[in-house]
Amino acid sequence: MNVLEMKNVRKDFGSLEVLRGVDLSVSEGEIVSVIGPSGSGKSTLLRLATLLERMDFGSLSYEGIAAAYEDEGGRSVYASLKTLKDLKSIYGLVFQSFHLFPHWNVLQNVTDAVIHVQKRPRAEAEERGRELLSRMGLLEKAGSYPCELSGGQQQRVAIARALALRPKLLFFDEPTSALDPEMSGEVLKLILSLRELKIAMVIVTHEMGFAREISDRILFMAEGSVLLSGPPEEVFRSENERMKSFLSRVQSF
Ligand SMILES: Nc1ncnc2c1ncn2[C@@H]1O[C@H](COP(=O)(O)OP(=O)(O)OP(=O)(O)O)[C@@H](O)[C@H]1O
Ligand SMILES: [Mg+2]
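This text gives an overview of the structure that appears in the document.

What follows concerns the packing of aromatic side chains. Aromatic ring pairs are reported here in terms of the distance separating the ring centres and the angle at which the planes meet. Per the counting criterion, the structure on display carries four aromatic pairs. Between Y91 and F171, the ring centres sit 5.7 Å apart and the planes meet at 85 degrees, which makes this aromatic pair edge-to-face. Taken together, the positions of Y91 in strand 7 (residues 91–94) and F171 in strand 8 (residues 169–173) put the pair 80 residues apart, joining distant regions of the chain. For Y91, a relative accessible area of 8% gives the class buried. For F171, a relative accessible area of 0% corresponds to the buried category. Joined through ring pairs, the aromatic side chains of Y62, Y91 and F171 make up one cluster. The ring of F57 is capped by R10, whose NZ or CZ atom sits 4.2 Å from the centre of that ring.

Set out below in structure tokens:
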């Protein structure tokens with residue numbers, strides 16, 4: 001059974017068709033990168049998958065449980081708020097900017113949802129929090145506040161916070177685009193090291209070398225559709241004209 005399954009997903013913003021029938025399935029432990037030009041609908045796809053926004057048409061399920069199914073006309077019908085809330089515990093999210101709570105220290109940021117949403121005992125949450133911070137190379141920063149950290153360190157805290165909830169699937173939306181090249185390299189290395197955790201990941205990224213290295217599969221999107229989907233070597237060598245022109249533009253930076 002797939003961890004995530006999205007089918008025939010369509011989304012409009014007013015007269016703008018942002019997604020035009022997208023399918024995305026992710027199996028257990030699979031790492032999928034989503035690439036494509038700006039405005040192609042990558043972030044929208046992630047926002048729909050993570051229930052931050054609602055699809056117009058199509059279905060969405062986690063581990064076989066429907067968050068939304070298609071009615072006879074293909075329109076999305078969402079499950080109850082209770083079901084949606086339960087499904088949210090299956091995945092975690094890491095965005096471009098880190099959204100840490102400024103008035104809480106690093107350890108509090110990592111453990112808060114474990115204690116208050118998952119209702120785990122504080123001692124257990126803190127032990128796991130320290131373990132994760134140590135994996136991130138940030139144990140000595142446990143008592144520091146977000147404003148005392150570099151951007152790369154803040155993003156590593158955000159990743160630890162997502163992992164603390166033991167997700168089956170982690171979504172990343174351009175996790176390094178707010179960072180300078182050196183910090184971005186650090187964070188990419190860290191994400192690569194998460195492969196051994198066997199957590200499924202969906203990663204929207206403009207870092208082509210990273211996408212090629214980390215992914216089991218790459219999805220190339222343009223204008224709201226998935227044009228290519230396959231193993232990295234196949235997608236990067238594709239003769240598809242849109243893909244070739246996209247690659248020539250990103251690689252010229
Ligand atoms: N809330 C919204 N209201 C109106 N239009 C939106 C909204 N969110 C996204 N769009 C539009 O949908 C299209 C796709 O946006 P999206 O953010 O998904 O692209 P993207 O592929 O993530 O681009 P980028 O690589 O620049 O992050 C864009 O034309 C965008 O302007
Ligand atoms: Mg985006």
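After that view of the structure, there is still more to cover.
Turning next to the site of ligand 1. In the region of ligand 1, 13 residues are neighbours, and S38, G39, K42, S43 and T44 sit closest. Contacts to ligand 1 include G39, whose backbone N or O atom sits 2.8 Å from an oxygen atom. Between ligand 1 and the protein, one listed contact pairs an oxygen atom with a side-chain N or O atom of S43 at 2.9 Å. Compared with its free state, where it exposes 640 Å², ligand 1 has 59% of that area covered by protein.

Attention now moves to the environment of L138. Its place among the elements puts L138 in the loop between helix 4 (122–135) and helix 5 (151–164). When its relative accessible area of 1% is taken as the criterion, L138 is described as buried. Not counting chain neighbours up to four residues away, the residues in contact with L138 comprise L133, Q153, R156 and V157.

Further remarks concern the pattern of salt bridges. Scanning all chains against the criterion turns up 12 salt bridges. Here K82 and D86 are joined by a salt bridge, their closest N and O atoms 2.7 Å apart. Here D86 and K82 lie together in helix 2 (residues 81–87), a separation of four residues that amounts to about one turn. For R242, the salt bridge goes to E223, with nearest N and O atoms at 3.0 Å. Taken as a pair, R242 in helix 9 (residues 241–251) and E223 in the loop between strand 10 (217–222) and strand 11 (225–230) lie far apart in primary sequence, 19 residues in all. The class of E223 is exposed, set by a relative accessible area of 52%. Counted as one network, the salt bridges with shared partners bring together E239, E241 and K244.

Reading guide: rules and limits
Residues numbered from 1 in each chain as written. Chains lettered and ligands numbered in written order. Predicted model: local features only at pLDDT ≥ 70, side-chain atom pairs only at ≥ 80, totals over all residues. Heavy atoms only, no water. Phe/Tyr/Trp six-rings, centres within 6.5 Å; stacked < 30°, edge-to-face > 60°. Helix = DSSP H or I, 4+ residues; strand = E, 2+ residues; numbered from the N terminus. Buried < 20%, exposed > 50% of the residue type's maximum accessible area, 1.4 Å probe, protein only. Lys NZ or Arg CZ within 6 Å of the ring centre and 35° of its normal. Near = heavy atom within 4 Å. Polar contact = N/O pair within 3.5 Å; in protein donor to acceptor, adjacent residues only side chain to side chain. Areas by Shrake-Rupley, 256 points an atom, 1.4 Å probe, with all protein chains shown as cover. Contact = heavy atoms within 4.5 Å. Salt bridge = Lys/Arg side-chain N within 4 Å of Asp/Glu carboxyl O.

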